[in-house]
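Observations on chain architecture
Residues per chain are reported as follows:
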Amino acid sequence: MLTYDLIVIGFGKAGKTLAAKMAAAGKKVALIERSKAMYGGTCINIACIPTKTLYVAAEKNLTFDQAMAEKTAVITRLNAKNYAGVSAHVDVIDAEAKFLSNKVIEATANGEHQELTAETIVINTGAVSNILPIPGITTTKHVYDSTGIQFLEQAPKRLGILGGGNIGLEFAGIFNKLGSQVTVLDASDIFLPRVEPSIAALAKQYLEEDGVTLLQNIRTKEIKNEGDEVVLIAENETYRFDALMYATGRKPNVEPLYLENTDIELTERGAIKVNDCLETTVSGVYAAGDVNGGLQFTYISLDDFRILYSQLAGDGSYTLKERKNVPTTMFLNPPLAQIGLTEKEAKEQGLPYAAKEMPVAGMPRGHVNADLRGAFKAIVNTETKEILGATIFSQGAEEIINLITLAMDNKISYTYFTKQIFTHPTLAENLNDLFAI
């Protein structure tokens, strides 16, 4: 049996960063990854990076083939870079990992097995597509999840997307721009229910103006083939496509781990249960990233690394309790970024608040960009002067939101923005007026 100081299962953001850092500090570290195509983790290979590369390629009016070639080049480069950066000091083991007991891992590759053990083990296996119990969803030809659809050889003429969340809408915009006729079928009766209603309405308007069909309250009963067509049978209608993508959420990837051989417990939602230090119910075994049931973002996985490193090599002071505000961005066209509370949430909490919304059409930089779509909205506490939340829907929103996050984390009064000096002409300079509430 091979003995290490640290074993990491999965090449995701938290795991790879921790493995490299601990190895650099002189620890004997093994990182087990079952697929060479996943060096670097989900984000680099099948999520954030390839989809944003496709998004940018589509915006540059590249052809489908050109966009896919660009995506492949980027992920190939980053995949290799990640392997090189970690393997210099870490034993990277290409194998399937499963627990034999609390601290013993079996790594299997090409029919060969080896056992490993360590006092500290980190599970970083990410998440997998959530498959709804819809008859035919896994057996019908030309039906894909968000990974499979990235490897099509040509753009489908008619693409159906099951699910109107972040992933579904992002792919809707990409494939629409790459030439597909896109229909989004969402089970919810409200479009973007967690977004400010006025801004959600704008997002819906822009997607429809770009040619995407958005359908709400669709209850899918069955998916099947008729010839090469994909037929989706809903309660009151039948839809026909050349390809169908399901974007119905992602769930923690725990099944291959054989956790039943351990004392590691799961939550009711199937995630690995962890405490504020990300330690599981087995001492010395931790879970980081999507697998622990937290927010499914790469930057949260990176923050999980900070917690782990604080516990394993620092003073232990950084835990989930210290995590502050988490911004998000939905990569529509334009991007839609959010932080904190919506106006509805502030009202429901009984907070003394004020709100202000400004259209991008009134901003000089919008005219310079020849793109007047979008709006800014802010919610502030009129008594404490703190920023409660904001929504930025414009070009550059994914960058601007980080300024507001910085202010919220440091409890900077919203009035500070009214006198901050910004460069001109920029979209960010409109924070001067936005916070003049």
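Sequence positions are assigned chain by chain, starting from 1 and proceeding in written order. Reporting in this predicted model follows two pLDDT cut-offs: at least 70 for local features of residues, and 80 or more for side-chain atom pairs to be given and counted; totals over whole chains, interfaces and linings ignore these cut-offs and use all residues. Side-chain measures here rest on the full set of heavy atoms in the structure, leaving out hydrogens and waters.

As recorded in an unreviewed UniProt entry, the protein goes by the name Pyridine nucleotide-disulfide oxidoreductase, listed as coming from Streptococcus massiliensis.

Time to look at the packing of aromatic side chains. Here the aromatic set is Phe, Tyr and Trp, taking the six-membered ring for Trp, and pairing holds for ring centres within 6.5 Å; pairs whose planes are under 30 degrees apart are stacked, those over 60 apart are edge-to-face, and all others are tilted. Tallied over the full model, the rule gives 10 aromatic pairs. For the pair tyrosine 39 and tyrosine 83, a centre-to-centre distance of 4.7 Å together with 25° between the ring planes defines the contact as stacked. Remark: tyrosine 83 occurs in helix α4 (residues 64-87) and tyrosine 39 occurs in the loop between β2 (29-33) and α2 (42-46); sequence separation between them is 44 residues. When the ring of tyrosine 416 is compared with that of phenylalanine 417, the centres are 6.3 Å apart and the planes differ by 65°; the resulting orientation is edge-to-face. With relative accessibility at 39%, the residue tyrosine 416 sits in the partly exposed group. Exposure categories follow from relative accessible area, calculated using a 1.4 Å probe and restricted to protein chains: below 20% of the type maximum is buried, above 50% is exposed, and the middle band is partly exposed. In this structure phenylalanine 417 comes out as buried when scored by relative accessible area, which is 3%. A network of ring pairs unites the aromatic residues Phe11, Tyr39 and Tyr83 as a single cluster. In this scheme, the term charge over a ring applies when either NZ of a lysine or CZ of an arginine sits within 6 Å of the ring centre and within 35 degrees of the ring normal. Above the plane of the ring of phenylalanine 151 lies lysine 71, whose end atom (NZ or CZ) is 4.2 Å from the centre. Secondary structure elements follow DSSP: runs of H or I of four or more residues count as helices, runs of E of two or more count as strands, with numbering from the N terminus.

As a further point, take helix α3 (residues 48-59). Residue pairs three or four apart in sequence face the same way in an α-helix, which turns once every 3.6 residues. Its 12 residues place the ends of α3 16 Å apart at the C-alpha level, agreeing with the 16 Å of an ideal helix rising 1.5 Å per residue. Within the sequence span of α3, burial applies to Pro50, Thr51, Thr53, Leu54, Tyr55, Ala57 and Ala58. Only heavy atoms enter the contact rule, under which two residues are in contact if any of them lie within 4.5 Å. On its buried face, α3 is in contact with α2, α4 and α5 (166-177). Two residues or fewer past α3, asparagine 61 is found with a positive phi of approximately 60°. What a helix is expected to span follows from its residue count: subtract one and scale by 1.5 Å.

Let us look at the sheet that holds strand β18 (residues 328-330). Pairing is antiparallel across the open sheet formed by five strands, whose spatial order is β18-β19-β22-β21-β20. Every interior strand has two partners, whereas the edge strands, β18 and β20 (353-359), have only one. Going across the sheet, the axis of each strand differs from the next one's by a mean of 10°, ignoring polarity. Bridging between β20 and strand β21 (residues 375-381) involves seven bridges; their strand directions are antiparallel. Looking at the pairing, proline 359 lines up with alanine 375 of β21. Whenever a helix is involved, its axis is fitted only over the stretch in contact; in every case the axis is a line through C-alpha atoms, and angles between N-to-C directions fall within 0 to 180 degrees. Here helix α10 (residues 397-409) sits on the sheet in contact with β18, β19 (336-340), β21 and β22 (387-393), set at roughly 175° to β22. Here the rule is simple: two strands pair whenever DSSP picks up at least two bridges between them.

What follows deals with the UniProt feature "active site" (unreviewed entry) in the protein. Mapped onto this structure's residue numbering, the UniProt feature "active site" (unreviewed entry) falls at His424. As for its position among the elements, histidine 424 is in the loop between α11 (415-419) and α12 (431-434). When sequence neighbours within four positions are dropped, the list of residues in contact with histidine 424 reads Pro364 and Glu429. Engagement of the side chain of histidine 424 in a polar contact is seen with the side chain of glutamate 429, the distance being 2.8 Å. UniProt positions are given in the numbering used here, feature names are shortened, and annotations may be inferred rather than shown by experiment. Two N or O atoms count as a polar contact when they lie within 3.5 Å, although within protein this holds only if one can serve as hydrogen donor and the other as acceptor, and sequence-adjacent residues are included solely when both atoms are side-chain atoms.

The next subject is the side chain of lysine 71. Tracing the backbone shows lysine 71 in helix α4. Despite its burial, lysine 71 remains without a salt bridge, the nearest opposite charge being carried by aspartate 65 at 11 Å. Excluding its chain neighbours within four sequence positions, the residues that come into contact with lysine 71 are Pro50, Thr53, Leu54, Gln150 and Phe151. Charge assignment: positive for Lys and Arg, negative for Asp and Glu; neither His nor the chain ends contribute. Counted as salt bridges are all cases of a side-chain nitrogen of Lys or Arg within 4 Å of a carboxyl oxygen of Asp or Glu.

Attention shifts here to the environment of alanine 200. Position of alanine 200 among the secondary structure elements: in helix α6 (residues 197-209). The class for alanine 200 is buried, based on a relative accessible area of 4%.

Within the element layout of this structure, lysine 419 appears in helix α11. C-alpha separation for the pair lysine 419 and alanine 37, spaced 382 residues apart in sequence, amounts to 49 Å.

Our focus in this paragraph is the UniProt feature "binding site: FAD" (unreviewed entry) in the protein. UniProt records the feature "binding site: FAD" (unreviewed entry) for Lys52 and Asp290 in the present numbering. Note that lysine 52 resides in helix α3. By relative accessible area, lysine 52 is classed as partly exposed at 22%. Not counting residues within four places of it along the chain, the set of residues in contact with lysine 52 comprises Glu170 and Phe331. Sequence-distant contacts of aspartate 290, defined by excluding residues within four places in its chain, comprise Gly126, Ala127, Pro252, Leu295, Gln296 and Phe297.

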